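# Per-entry structural report
One-letter residues, chain by chain:
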Amino acid sequence: SVNDSRVTRVGEGISLRFTGIPRTALYNEFELEQTRNWLSEDRKSLRGQSAPNANEIFSRETLTHIYRGIWTLGMHTAPCSFFNWTAQFRHRRNNNDYDDTRETNPGPNTARSAFMDELDVTTNEFTSRMKLKPFWQFQPSFRYQFRDDNYHTRTENEAAVETDLTSNIYTFDLTWQIIERILATASFSRQLASVETPASLALPVNGHTP
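The following refers to the structure shown. All values reported here derive from a predicted model rather than from experimental measurement. Sequence order sets the numbering: in each chain, residues are counted from 1 along the sequence as written. In keeping with the predicted nature of the model, local features appear solely for residues at pLDDT of at least 70, side-chain atom pairs appear and are counted solely at 80 or more, and the whole-chain, interface and lining totals rest on all residues. Computation of side-chain values: all heavy atoms of the structure, hydrogens and water removed.

## With respect to the packing of aromatic side chains
- The pairing test for Phe, Tyr and Trp rings, Trp by its six-membered ring, is centres within 6.5 Å, and the orientation test on the planes gives stacked under 30 degrees, edge-to-face over 60, and tilted for anything in between. In the structure shown here, the tally under the stated rule is four aromatic pairs.
- The interplanar angle of 40 degrees and the centroid separation of 4.9 Å between the aromatic rings of F142 and F172 together place this pair among those described as tilted. Placement of F142 in strand β6 (residues 138-155) and of F172 in strand β7 (residues 161-179) is noted, with a sequence separation of 30 residues between them.
- For F172, a relative accessible area of 44% translates into the label partly exposed.
- An aromatic cluster of at least three residues, connected via ring pairs, comprises F30, W71 and F89. Here a strand is any run of E in DSSP of at least two residues, a helix any run of H or I of at least four, and the numbering for each starts at the N terminus. Residue burial is assigned from relative accessible area. The probe radius is 1.4 Å, only protein chains are included, and a residue is buried under 20% of its type maximum, exposed over 50%, and partly exposed in between.

And the structure:
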């Protein structure tokens, strides 16, 4: 088995801050990344080895283009010494385009795997975090996170499929400085998630959803 991979990655980023409001900071961030991944795979199973088929041959060359982007818009404010609040919205895009430029044809002694032509993931996320500090030894905080992930997949010679994952995450943290050299931390998190697939939208057949 001989595998060879060559990856070229380029990224850009920009961050903007506005601090004209007392005890408040507004920020806007952009991150971009472009990746070119060339992968070559060649395999041949020898007679007598523990392979499914003797003299099995598999060969594939894949050129993958990956485009990623993240946009973040947020705010951090501390109106008083014992309370601060952070809220932000984040939009992510991760697009993967797979091109198999060379692949063995199926036959009695050759193998051809199922191949993915496209995988796109779009994520919208909102996060809000509040932190209290009534006195220096005791610091409770609460964070709420809403996240929506949309998956767009397309396999070779098949129609595209859309899947959606929606989740709500609630997190409670408590930090307690017992004495100067002992720090205790407790955390509780609960996630409520739901998945929507093409099957969930299909019409029931004989009282059952396919």
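Read on for the rest.
## Description of the sheet that holds β6
- We treat two strands as partners when DSSP finds at least two bridges between them. Spatial strand order, β1-β2-β3-β4-β5-β6-β7-β8: eight strands in an open sheet with antiparallel pairing. Both outer strands of the open sheet, β1 (2-18) and β8 (182-196), are each paired with one neighbouring strand and no more. Going from strand to strand, the sheet's axes swing by 10 degrees on average, the running direction of each strand aside.
- Sheet topology places strand β3 (residues 57-80) next to strand β4 (residues 83-103); 19 bridges connect them, and they run antiparallel. Within β4, the position partnered with H65 by the bridge is D97. Angles here are taken between N-to-C directions and fall from 0 to 180 degrees, while the axes themselves are lines fitted to C-alpha atoms, restricted in helices to the stretch in contact.

## Comments concerning the environment of N157
- With respect to the element layout, N157 can be found in the loop between β6 and β7.
- Judged by relative accessible area, N157 falls into the exposed class, the value being 74%.
- N157 sits 40 residues away from D117 along the chain, and the two C-alpha atoms are 8.8 Å apart.

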